[in-house]
Amino acid sequence: MSASVPAELGGLRFDQALARLFPQYSRSRLQAWLKAGHITLDGERAEARRPVTGGERVVLVPPPIPDAAAPQAQRMPLKIVHEDRDILVIDKPAGLVVHPGAGQPDRTLLNALLAHAPQLAAVPRAGIVHRLDKDTSGLLVVAKTVEAQADLVKQLAERSMRRVYLAVVQGDPPASGVIDAPIGRDPRSRVRMAVVHRGKPARTGFRVVERFGRAALIECRLETGRTHQIRVHLQHIRHPLVGDAVYRRGTRHGLPFARQALHAAELTLKHPGTHQPMTWRAPLPRDLKRLLASLRSEA
């Protein structure tokens, strides 16, 4: 694949410009490919620190992934909300891990995507642009081409992709508000995130949809996309998600629920092929409907 360095990137180091040109790849991977000669600048190898001026031609030829290291296609049921030549929109069930990791090497959404659309093997992370936690249900977009992935990653970075979540929280929160608090690794636990002074900027808007006395249904709108953002922010204002075993610390009574009560209900983006805005909505899954029915009967 190739790209021309835009004038606005002039003055940046070559490795910094690469991160802007190919956001679908991690910086460490781009650095490794640059050192190995898989990336050229105007037809020649270049040092990472070399400044660019704008107008140069960058060619990236990713090396093939060894078969032993490549995730394997595994046929699994997928609830596909939309599909065309550029993108897939999935309604992910709770309990499905999005990407293989140390604790879940296979049987993930990525493995299922490779079985559904084998061409995704040529796209980084099988086209996955953003993730949902294992026990969060709802909408997730997947790019079917490298070009579509770069476009969607850019929309995420520019905060033009709109994601709306429904959540059931403990207690009686304010009618609406914006939680503006930086998020980073919890210094007391590496598996948790937390509001920390030196964290990355994070903003979550919310409004109450329905109250039940000891709990409430709220709508959350992400302005940023930090790991566990909604879960951390709601715990920060002392209204953690019902069922969230990780982030409900400090609450006296936790309502029983098998997972965090969080659902990605609405997704709006500009289609990377047509550039037209598109919106999808996913109804609440059965377990959340049962939870709401129970809370209404008690209210």
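Details of the structure are given in the entry above.
Report on the accompanying structure. (Residues numbered from 1 in each chain as written. Predicted model: local features only at pLDDT ≥ 70, side-chain atom pairs only at ≥ 80, totals over all residues. Heavy atoms only, no water.)

The secondary structure content of the protein amounts to six helices and 14 strands. Its C-alpha atoms give the protein a radius of gyration of 21 Å, near enough to 19 Å, the size a compact globule of 299 residues would have. Seen through its principal axes, the protein has C-alpha atoms that stretch 70 × 45 × 40 Å. In the protein, which comprises 299 residues, the share counted as buried stands at 47%. (Helix = DSSP H or I, 4+ residues; strand = E, 2+ residues; numbered from the N terminus. Rg over C-alpha atoms; globule rule 2.2 N^0.38 Å. Buried < 20%, exposed > 50% of the residue type's maximum accessible area, 1.4 Å probe, protein only.)

Turning our eyes to something else, we now look at the nonpolar core. Counting 32 residues, the largest nonpolar core has Leu113, Leu120, Tyr165, Ile218 and Leu234 as the members making the most contacts within it. Mapped by element, the contributors of at least two residues to this core are β5 (87–92), α3 (109–116), β6 (137–143), β7 (162–170), β11 (203–211), β12 (215–222), α5 (229–236) and β13 (262–270). Counting residues in hydrophobic clusters, the runner-up holds 19 residues, among them Tyr25, Leu30, Ile39 and Ala46. (Core = buried A, V, L, I, M, F, W, Y, C linked by side-chain atoms within 4.5 Å.)

Another aspect to go through is α5. A large share of α5 lies buried, amounting to seven of its eight residues. Within α5, burial applies to Gln229, Ile230, Arg231, Val232, His233, Leu234 and Gln235. At the C-terminal side of α5, Arg238 shows a positive phi close to 65°.

All right, on to the pairing of β12 then. Burial analysis of β12 places seven of its eight residues in the buried class, the great majority of the element. Bridge analysis of β7 against β12 gives seven bridges, and the strand direction is antiparallel. Directly across from Leu166, in β12, lies its bridge partner Glu219. Here β11 pairs with β12 via seven bridges, running antiparallel. Residue pairing in the sheet places Arg207 in a bridge with Glu219 of β12. Two successive antiparallel strands, β11 and β12, enclose a turn made up of three residues, where Gly213 displays a positive phi of approximately 90°. (Pairing = 2+ DSSP bridges.)

A few words on unusual backbone geometry. A positive phi angle, near 60°, is found at Arg107, a position not held by glycine. Looking at the secondary structure, you find Arg107 in the loop between β5 and α3. Using a relative accessible area of 42% as the deciding quantity, one classes Arg107 as partly exposed. Look at Arg125: it is not a glycine, yet its phi comes out positive at around 55°. You can see Arg125 is positioned in the loop between α3 and β6. With relative accessibility at 31%, the residue Arg125 sits in the partly exposed group.

Moving on, we get to the packing of aromatic side chains. Applying the stated rule across the entire model yields one aromatic pair. On the basis of an interplanar angle of 70° and a centroid distance of 4.9 Å, the ring pair of Tyr25 and Trp33 is categorised as edge-to-face. (Phe/Tyr/Trp six-rings, centres within 6.5 Å; stacked < 30°, edge-to-face > 60°.)

Turning our attention to the sheet that holds strand β2 (residues 39–41). Pairing in this open sheet of three strands is antiparallel, and the strands run β1-β3-β2 from one edge to the other. Edge positions in the sheet fall to β1 (2–4) and β2, since each of these pairs with one other strand and no more. On average, each strand axis in the sheet is inclined to that of its neighbour by 15°, with strand direction left out of account. Examined bridge by bridge, β1 and strand β3 (residues 57–60) share three bridges and lie antiparallel to one another. Among the inter-strand pairings, Ala3 is bridged to a residue of β3, identified as Val58. In the packing of helix α1 (residues 14–21) onto the sheet, the strands contacted are β1, β2 and β3, and the crossing angle to β2 comes to about 115°. (Axes fitted to C-alpha atoms, helices over the stretch in contact; angles between N-to-C directions. Contact = heavy atoms within 4.5 Å.)

Right, let's talk about the pattern of salt bridges for a bit. Scanning the model with the defined rule gives 18 salt bridges in all. A salt bridge links Arg85 to Asp86; the nearest nitrogen and oxygen atoms lie 4.0 Å apart. Measuring nitrogen to oxygen at the nearest pair gives 2.8 Å for the salt bridge that ties Asp244 to Arg231. A residue pair is termed long-range when its members are at least 10 positions apart, and Asp244 in the loop between α5 and β13 and Arg231 in helix α5 qualify at 13 residues. The buried category is assigned to Asp244, whose relative accessible area is 1%. You can call Arg231 buried: its relative accessible area is 6%. Salt bridges linked by common partners bring Asp133, Arg231 and Asp244 together as one network. (Salt bridge = Lys/Arg side-chain N within 4 Å of Asp/Glu carboxyl O.)

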